[in-house]
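Examination of the molecular architecture
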2 protein chains.
Amino acid sequence: MSKNGDTWFFDNNIYIRAYACCVGKKESEGPLGGLFDLFSTDNRFGEKTWEKAESRMVQLACNKALFKSGLKSADIGCLLGGDLLNQCIATSFAGRALGWQTLGLYGACSTMAEGLLLGAALVESGLEHHPLCCASSHFCSAERQYRFPLEYGSQRPRTSQWTATAAGAVILSPDTGGVRITAATAGRVYDPGVCDTNNMGAAMAQAAYETIATFFRDSGESPDNFDLIVTGDLSLVGKGVAERLLRQDGIDVSRIYNDCGLMLYDLNTQDVHSGASGCGCSAAVLCAKILPAIEKGELRRVLFCGTGALLSPVSAFQGESIPGICHLICLEGKE
Amino acid sequence: MSKNGDTWFFDNNIYIRAYACCVGKKESEGPLGGLFDLFSTDNRFGEKTWEKAESRMVQLACNKALFKSGLKSADIGCLLGGDLLNQCIATSFAGRALGWQTLGLYGACSTMAEGLLLGAALVESGLEHHPLCCASSHFCSAERQYRFPLEYGSQRPRTSQWTATAAGAVILSPDTGGVRITAATAGRVYDPGVCDTNNMGAAMAQAAYETIATFFRDSGESPDNFDLIVTGDLSLVGKGVAERLLRQDGIDVSRIYNDCGLMLYDLNTQDVHSGASGCGCSAAVLCAKILPAIEKGELRRVLFCGTGALLSPVSAFQGESIPGICHLICLEGKE
């Protein structure tokens, strides 16, 4: 195990042992419908408030991943997770219900990648055997908190993204699984000065570029060695910016680049404008689409790059621009 | 390196290489006044908003710790930190200014301990050499966010705690320093059913008891082997509850038990009611009082137990009780 530049390279085999995701109605009707483990037809998951519904979704995803892993609950070491809610209550209340050691994270929509990065480091060190990494978001709790209550019926500009109602959970293991985590780059915070909270993709694009370029520099690899580079979630506007920044730096990813925010919904029919966002988006796309494709051999080497916009409503009201961050995970299937 | 029960035991020497803290006016007038590296006489640190003041305080503490470490800025690997603000903006904006790789944490007032725990694991694994762990809180930003704007002049009940205006930063190292981290226990989430957001000490006390008892069970140690067990921040009400729960379990800590929430202010003269709270409290007491005492040989073995109340105003409004968490760090001086 070693660090070169900003990138950790793992010597040991760190496997993804099991994973699961849970989504809302709109997500289940999108192009990945049928690939999710669980979904709700009313986005409430049997709860009376959106915040409790989100926390329930985290529990459902975690318990489903636990079931698929064949492990007992007592085998799970630490839960590493977070969400977008103030004080990360979706994750904390899920931690209370699940009973595992709980390490709360905040990386906005990069949280799934942040959890995998730290979880992989803990497995590499031998301190943890089966950490569980999770992340969630819920359209209705996020709208209430970041923007307006749903009842207000506010208009959304074309650049805005739709917060996914989704949660994903991934259990790591030092000994068995179909996908390995072989390297990871923890990101730095970049801020290109975007102040429009309805254009977060543009705000995060520089961070995505910087972290991906850093990984190629640190590893000596090139896009040719990968089958997929996927950011989450820059969506329409941000993906174009990130791709252009990479090309200007001599890194052509056009052949293999996609964004989780463009994979979750059908942009032509589902009225989500620029695409999806939210911690749950990249978590669910990872668990529903990317990891199964690696397991099946359809993809062999993938860079999963979680991107987060580190704003709050207060920072925006106070005139601050929106800092972005991107954490990268290198995933590999069997040779 | 190994895990027994919930506790990580570190084989390598993981040192605290340098540390610093930065506080507000009230804190500088308390019993630890004179021990802080930096303080502000108007709590604004040259900024126009309380939130920006808190972020500036994080930067000041981090830069002071960096200066004291003798390292260059490029030597710092990852910043592991968090705060109480919605979406952890104090830490994120500090990460933007400082330029380091940034891993955001959310553990409420347990954040300093959570950062040390993860930072120590990263040093143990060999992936990081000099991670920086930090945490902050600001009375004025916390009141606005959790309770009422200051201008409202709301009454505070006797059980309430005063959110510290403080930030602390600790730089770890695999090779040099006066204090070692030898073990750590990541906590589980416990909820004894307290719904009074003005009595968070009582809500967190069970988590403190559970984690401390777990550490003694996992390590085979007893309170006799320690010079100080310090929670942060249970304050008057919670400290009594935790002490009673430990005693009922046959663990008598009375001789060596203190709480950061009772060390920062003079409860008789400073009008803080039950004591201090906030991520910055335990971070600042650690850096101003505890670590120097270990370095000087006044204390040799210390359990630093960060306690966090994992509520949000929304969870409280929705009738939820307050879950608590406690992360424990075992600190040791030279033989």
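Scope of this entry: the structure provided in the associated data block.

Quick notes on the rules
- Residues numbered from 1 in each chain as written.
- Chains lettered and ligands numbered in written order.
- Predicted model: local features only at pLDDT ≥ 70, side-chain atom pairs only at ≥ 80, totals over all residues.
- Heavy atoms only, no water.
- 1 Å grid on protein atoms, 1.4 Å probe; cavity = no way out; pocket = protein on both sides within 12 Å on 5 of 7 lines; lining within 4 Å.
- Points joined across faces, edges and corners; volume = space filled by probe spheres on them.
- Nonpolar A, V, L, I, M, F, W, Y, C, P; charged D, E, K, R; others polar.
- Core = buried A, V, L, I, M, F, W, Y, C linked by side-chain atoms within 4.5 Å.
- Buried < 20%, exposed > 50% of the residue type's maximum accessible area, 1.4 Å probe, protein only.
- Helix = DSSP H or I, 4+ residues; strand = E, 2+ residues; numbered from the N terminus.
- Contact = heavy atoms within 4.5 Å.
- Buried area = accessible area lost by both parts, 1.4 Å probe.
- Salt bridge = Lys/Arg side-chain N within 4 Å of Asp/Glu carboxyl O.
- Polar contact = N/O pair within 3.5 Å; in protein donor to acceptor, adjacent residues only side chain to side chain.
- Least-squares fit on C-alpha atoms with pLDDT ≥ 70 in both.
- Pairing = 2+ DSSP bridges.
- Right-handed = clockwise from strand over helix to strand, strands pointing away.
- Axes fitted to C-alpha atoms, helices over the stretch in contact; angles between N-to-C directions.
- Parallel < 35°, antiparallel > 145°, perpendicular 65-115°, else oblique.
- Phe/Tyr/Trp six-rings, centres within 6.5 Å; stacked < 30°, edge-to-face > 60°.
- Lys NZ or Arg CZ within 6 Å of the ring centre and 35° of its normal.
- Expected span 1.5 Å × (residues − 1).
- Arc of directions from axis to C-beta.

Looking now at empty space enclosed by the protein. Using the criterion set out here, one finds 9 cavities of 30 Å³ or more in the structure. Looking at the largest cavity, it is lined by 14 residues, and the ones nearest its centre are Leu84(A), Cys109(A), Arg147(A), Met200(A) and Ser277(A). Here the residues of the lining of the largest cavity are counted per class, giving 9 nonpolar, 4 polar and 1 charged. Of the volumes computed, that of the second largest cavity is approximately 80 Å³. Leu84(B), Ala108(B), Cys109(B), Tyr146(B), Arg147(B), Thr163(B), Met200(B), Ser277(B), Gly278(B), Ala309(B) and Leu311(B) together form the lining of the second largest cavity. When grouped by side-chain class, the residues that make up the lining of the second largest cavity number 7 nonpolar, 3 polar and 1 charged.

Let us now look at the nonpolar core. Counting 144 residues, the largest nonpolar core has Phe304(A), Leu331(A), Phe304(B) and Leu331(B) as the members making the most contacts within it. Tyr190(B), Ala203(B), Tyr209(B) and Leu311(B) belong to the second-largest nonpolar core, a separate cluster that totals 33 residues.

In this structure, the largest pocket spans a volume of roughly 520 Å³. Around the largest pocket, the lining comprises 27 residues; the ones closest to its centre are Gln145(A), Tyr146(A), Arg147(A), Pro313(A) and Phe317(A). If you list the elements that add at least two residues to the lining of the largest pocket, you get helix H5 (139-146) and helix H10 (313-317) of chain A together with helix H5 (139-146) of chain B. Broken down by element, the residue count for the lining of the largest pocket peaks at 4 residues, all from H10(A). Classifying every residue of the lining of the largest pocket gives 11 nonpolar, 11 polar and 5 charged. A volume near 390 Å³ is recorded for the second largest pocket. Along the wall of the second largest pocket there are 19 residues; nearest its centre are Tyr146(B), Arg147(B), Phe148(B), Thr197(B) and Phe317(B).

It is worth spelling out the interface of chain B and chain A at this point. Each partner contributes to the interface: chain B provides 58 residues, whereas chain A provides 58 residues. Both sides together, the interface formed by chain B and chain A hides about 4,800 Å², and carbon and sulfur atoms give 59% of it. Ranking the residues of chain B by area buried against chain A places Gln87(B), Gln101(B) and Leu127(B) at the top, with a combined share of 17%. Remark: the boundary between chain B and chain A carries 6 salt bridges. A salt bridge links Arg96(A) to Asp191(B), with the shortest nitrogen-to-oxygen separation between them at 2.4 Å. In this structure, the connection of chain B to chain A is made through 31 residue pairs in polar contact (both at pLDDT 80 or more). For the side of chain B that touches chain A, the element with the highest residue contribution is helix H4 (residues 111-125) of chain B, accounting for 6 residues.

Residues Gly232(A) and Asp233(A) are joined by a peptide bond in cis, for which omega reads 10°. Note that Asp233(A) resides in the loop between strand E11 (228-232) and helix H7 (235-248).

With that settled, the discussion passes to the relation of the copies chain B and chain A. Least-squares fitting of chain B to chain A yields an RMSD of 0.0 Å, with the transformation described by 0.0 Å of translation along the axis and a rotation of 180°. The transformation just described matches what one would write down for a two-fold rotation axis. Most of the interface of chain B is mirrored in chain A, where 100% of its interface residues are also at the interface.

What follows concerns the environment of Arg188(B). Here Arg188(B) is to be found in the loop between strand E10 (179-185) and helix H6 (200-219). For Arg188(B), a relative accessible area of 24% translates into the label partly exposed. The contact partners of Arg188(B), leaving out residues within four places of it in the chain, are Gly99(A), Trp100(A), Gln101(A), Asp6(B), Gly324(B) and Ile325(B). For Arg188(B), the side chain forms a polar contact with the side chain of Asp6(B), separated by 2.7 Å.

Here the focus is the pattern of salt bridges. Residue and element names in this part refer to chain B. Tallied over the entire structure, the rule returns 29 salt bridges over all chains. Of the charged contacts, one joins Glu243 and Lys239 as a salt bridge, the two residues approaching to 3.6 Å between their closest N and O atoms. Placement of the pair is Glu243 and Lys239 together in helix H7 (residues 235-248), with a separation of 4 residues, close to one helical turn. Both residues of the pair, Glu243 and Lys239, count as buried.

This next bit is on the pairing of strand E5 (residues 78-83) of chain B. Residue and element names in this part refer to chain B. Of all 6 residues making up E5, 6 are buried, and the element is well covered by its neighbours. Burial along E5 is two-sided: Cys78, Leu80 and Gly82 facing one way and Leu79, Gly81 and Asp83 facing the other are all buried. Bridge count for E5 against strand E6 (residues 101-104) is 4 bridges, and the pairing is parallel. Across the sheet, residue Leu79 finds its bridge partner in E6, namely Thr102. Once the chain exits E5 it traverses helix H3 (residues 89-98) before rejoining the sheet at E6, and the crossover so formed is right-handed. Summarising the sheet, E5 and strand E7 (residues 132-137) pair through 5 bridges and their orientation is parallel. Bridge pairing in E7 places Asp83 opposite Ser136.

Position of Val314(B) among the secondary structure elements: in helix H9 (residues 313-317). In the structure, Val314(B) is positioned 168 residues away from Tyr146(B) in sequence and 9.4 Å away in space, judged by C-alpha atoms.

For the rest of this paragraph, the subject is the packing of helix H4 (residues 111-125) of chain A against helix H9 (residues 279-295) of chain A. How two helices sit against one another is set out by the angle between their axes and by the gap between those axes. Residues and elements named next belong to chain A. Contact pair H4 / H9: the axes reach a minimum separation of 7 Å and the direction vectors enclose 60°. Considered as vectors, H4 and H9 are oriented oblique to each other. From H4, Thr111, Met112 and Leu116 reach across to H9, where they touch Cys279, Ser282, Ala283 and Leu286. Of the residues belonging to the contact of H4 with H9, the class tally is 5 nonpolar, 2 polar and no charged.

On to the packing of aromatic side chains, then. Enumeration according to the criterion identifies 11 aromatic pairs over all chains in this entry. Measuring from ring centre to ring centre gives 6.1 Å for Phe216(A) and Phe226(A), while their planes differ by 65°; the resulting arrangement is edge-to-face. Taken as a pair, Phe216(A) in helix H6 (residues 200-219) and Phe226(A) in the loop between H6 and E11 lie far apart in primary sequence, 10 residues in all. Note on Phe216(A): relative accessible area 7%, which makes it buried. Summarising the aromatic geometry, the rings of Trp8(B) and Phe10(B) are spaced 6.5 Å apart at their centres and angled 65° between planes, so their arrangement reads as edge-to-face. Overall, the relative accessible area of 8% leaves Phe10(B) in the buried class. Following the ring pairs from residue to residue traces out a cluster consisting of Phe215(A), Phe216(A) and Phe226(A). A cation over an aromatic ring shows up here: Lys68(A) above the ring of Tyr19(A), its NZ or CZ 5.2 Å from the ring centre. In this arrangement the basic side chain of Lys239(B) is found over the ring face of Tyr257(B), its NZ or CZ atom lying 5.0 Å from the centre.

Residues and elements named next belong to chain A. Taking 1.5 Å of rise per residue, the 14 residues of H7 would be expected to cover 20 Å, and the 20 Å separating its terminal C-alpha atoms lies within 8% of that figure. Within H7, the full set of buried residues consists of Ser235, Gly238, Lys239, Ala242, Glu243, Leu245 and Leu246. When H7 is viewed along its axis, its buried side chains cluster within an angular range of 160° and face the same direction. What points out from H7, more than 90 degrees from its buried face, is the exposed set Leu236 and Gln248. Residue Gly250 follows H7 closely and has a positive phi angle near 85°.

In short, geometric facts, not functional conclusions.
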